[in-house]
Structure formats: C-alpha cells, structure tokens
Amino acid sequence: MNATDPNKQLLLEEYKLGELTLKNRVVMASLTRARANNPELIPTPLMAEYYAQRASAGLILAEGTWVNAQSIGFINVPGIYTVEQVEGWKLVTSAVHEKGGLIFSQLGHIGGASHPELLNGELPVGPSAIDLQTQSFTPDGFKASPVPRAMSLAEIKQTIRDYKQAARHARDAGFDGVEIHAQAGMLIPQFLSIAANRRTDDYGGSIEKRARIVFDILNSIMEVWDSKRVAIKFTPVMLSHVGIVKPDEETIPLFKYILDRLNDYDLAYVHIVGPSEDLSGSPVAALQEDYFAHFQAHYTGRIMANLGFSKTTANEILQKGTADLVSFGEPFIANPDLVERFKHDLPLATADRSTYYGGGEQGYTTYPKTVYPDGRG
Ligand SMILES: Cc1cc2nc3c(=O)[nH]c(=O)nc-3n(C[C@H](O)[C@H](O)[C@H](O)COP(=O)(O)O)c2cc1C
C-alpha cells in the first residue's frame, strides 16, 4: 500500500466474493436500529432510505432479523418470517440495488435472552432452563430475562426449519446472501456455552454436540442458498457480555473444532469480532497476540474482521493478509458515506447514542454526507 495515495488503499479495491463483485472491502456490519415500529415488525420505507444512503459500502449486512415469532428479543426489530415482512424487505433490497449496492440479511434468534412481554406472555426458549442473567429491551424498557424454558428436540428441529424458511424468504426478498447471527446474546452461543447448555441429548455435552446446531442450521440454509452466499458471525471473546454466556476454558478448542469443520462448507466468509478489552488472565488469553491469525490458522476460507477498525488498521490487516474483508459498525451510523470519507481522507462524524435504538428519522437518516474536496456534496 502506498500511504501517500489514499486511492491505493486495499480497503477501497474491488473484491470478488464468489459470483458477487464488491466495489470495495468496506463492509457495513449489522446494526440493530429498532425502527420497524409496527406490530407486524415489517421493514419500513424509512429503513429502505437508511440502507440506500449507505449503499456505497462494498457489502451491507442488514440488522439482526428474527427467524420466527419465538426468536424476538427486542422491540421494533424486524422479522423475516411472514410474507408481509418479505414485502417490506423488498423495499430495502431494491433501494440498495438501485444505488449499486449489495445486501445480505442477518438471520437471528435471541433464544433465552428474551422476555414474555415480547412473546405474547410465553417464556423465552433456550438450550436449558438456566437463568442467563441478562436483560431484554421490552416496550417498558430493559427488564431482567426470566429463566427460559428448555427447548424440546422437536422445537430444535422446528427452529432449524425456521432458519431455512427465513433464508428462503431472504432470497424471495431480493437479498444477495445471508449471514447467520451467532454473536454473544443469541441462541447459537447459548448452545455453544458450557454455562448455558446443560443438555444431555445430541445438542449438549461435548464440544461436538454443543456445536451441532451450527452445522444443522447451515445445512438447512444451504438447501435454499448456494454456500458461497452464506456466512456466519461469531464473537469468540466477548468478555464484557452481560450474563453467563462468556468465554470459557473450552472456547479455544470449540472454535478450532467449528472452523475446522467450516473448511468443508465453502462459505462466503466467516465474520469474526475481535476483542474489545485486554484478554490477559481470561480463558482466551492465548488469542490476545495477533488475534485474527489464530482463526486463520484453522480456517482456510475468507475471514471478515470486525471491531474497532479505523481506515488505517483496516488497511493494515488486509495488507498483512490475516483478514480478507473488514466490517465497520458504529462508524456507519453517522457516516452514511464512510467509503467516500475513507477515499478522500476526511474526518468522521460522531453519532448520537441516544438515537441508536428506536425513534424515527432523527439520528437515523438525518446524518448528512460530507462535502468532498472536489465540491460534490
Ligand atoms: C447500535 C448497534 C447495534 C448493533 N446491532 C447488531 C446486530 O443486529 N447484529 C450484529 O451482529 N451485531 C450488531 N452490533 C455489533 C456491530 O455489528 C459490530 O460488531 C460492533 O459495533 C463492532 O464494530 P465497530 O467497532 O466497527 O462498531 C451492533 C452494534 C451497535 C453499536
């Protein structure tokens, strides 16, 4: 990379992702913004405008989206399990495509970290009836999640089918691919966790059994999407996560096992969130040094790196080759034109945190593009 010529940044170079051509390697990470403020959780025209504003990203990952009614865990977050929701998403995908962008749907299930007020009075479901010691954002604000109900084997199988239906819906809605949301706080990491999963059947116990749900979900989604359009996002080291789903002494061998097996899947990419704090003294301290290289040692496919990247550090990791793509979350909130700002080496605007979750257009579609040195606005 030639540091004096910002146009030579690897981050801004075109990138082939299977059949898709990304205009650049700047990916917009999924951001829950809770603007689907209707009881049916249908994406709105305002959401279409918001995503279209950010279409200069090489790839947009849409916000975490519910795969079924039981998976809801936050107010005003859209779903993709009804035909009406699919119609709403069509507005979003066509608005992004019209601007020359690409967009994946992020398929999620919050598992036990929900609340009856979001589930028509029903208890949330998780791998085991264990208090996750977490909170849920209900219509009346944050409330402690109750002890969930353990899923029956039949419910696990149904949930896997629901992921497949959601993936098919994503295709019908015009998305370019899907990313499975397996960040801390969601159903999948609850299954992966020793603390949250005490099952004694095929979905609990050994690393292989706890990880089984990942492969069952992937296999079902690949019945409707080519594997090259399917991805998964993990947070292996989220020490600060509220509640009991945290890195443990089996996290490192667990991810080694998962990544080894994912080598057979030819996915679009594996999205890995980096550490947000010092890992020393934790069960994942061994990952501290050259974090992403540890995953690359086991995974031969593409790695998308995330958390706290700047233009400089993103170019550095691409140059080093320990990641193939870099995603940016918060920077996209106040900088719809993040790519252009990187290109012209312009300062980034700071977002107003009070409008992150919920509300209307203020702090959502109201962030202006910058004025570029060549006078374009
Ligand atoms: C407001 C907000 C909402 C988020 N919603 C999601 C989400 O729906 N799905 C997801 O995988 N990550 C979500 N994240 C995490 C981001 O995708 C990303 O991993 C995180 O912000 C770190 O990247 P950054 O340092 O570039 O912001 C969210 C983050 C923020 C700040």
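Residues numbered from 1 in each chain as written. Predicted model: local features only at pLDDT ≥ 70, side-chain atom pairs only at ≥ 80, totals over all residues. Heavy atoms only, no water.

An unreviewed UniProt entry annotates the protein chain as Alkene reductase originating from Sphingobacterium oryzagri.

Attention now goes to the overall build of the protein chain. In terms of regular secondary structure, the protein chain is built from 10 helices and 14 strands. For the protein chain, the spread of C-alpha atoms along the three principal axes comes to 60 × 45 × 35 Å. A fraction of 71% describes how many contacts in the protein chain between residues 6 or more apart in sequence connect residues 24 or more apart. If you sum the accessible surface of the protein chain, you get close to 14,900 Å²; carbon and sulfur atoms cover 51% of it. Averaged over its 35 positive side-chain charges, the protein chain has a centre that lies 2 Å from the centre of its 44 negative ones. (Helix = DSSP H or I, 4+ residues; strand = E, 2+ residues; numbered from the N terminus. Contact = heavy atoms within 4.5 Å. Areas by Shrake-Rupley, 256 points an atom, 1.4 Å probe, with all protein chains shown as cover. Lys, Arg positive; Asp, Glu negative; His and termini not counted. Charge placed at Lys NZ, Arg CZ, Asp CG, Glu CD.)

This brings us to the site of the ligand. Lining the immediate environment of the ligand, one finds 18 residues, of which S30, T32, N306, G308 and G329 sit closest. Here an oxygen atom of the ligand and a backbone polar atom of G64 are 3.1 Å apart. Between the ligand and the protein, one listed contact pairs an oxygen atom with a backbone N or O atom of E330 at 2.8 Å. Coverage of the ligand by the protein chains reaches 87% of its 610 Å² of free accessible surface. Taken together, the residues of the shell around the ligand break down into 7 nonpolar, 9 polar and 2 charged. (Near = heavy atom within 4 Å. Polar contact = N/O pair within 3.5 Å; in protein donor to acceptor, adjacent residues only side chain to side chain. Nonpolar A, V, L, I, M, F, W, Y, C, P; charged D, E, K, R; others polar.)

Moving on: the packing of aromatic side chains. For the structure shown, the criterion picks out 16 aromatic pairs. Their ring planes at 90° and their centres at 4.9 Å tell us that Y291 and F292 sit as a pair that is edge-to-face. A connected cluster of aromatic rings, assembled from ring pairs, spans F74, F137, F142, Y356 and Y357. In this structure, R212 packs its charged tip against the face of Y203, placed 4.9 Å from the ring centre. (Phe/Tyr/Trp six-rings, centres within 6.5 Å; stacked < 30°, edge-to-face > 60°. Lys NZ or Arg CZ within 6 Å of the ring centre and 35° of its normal.)

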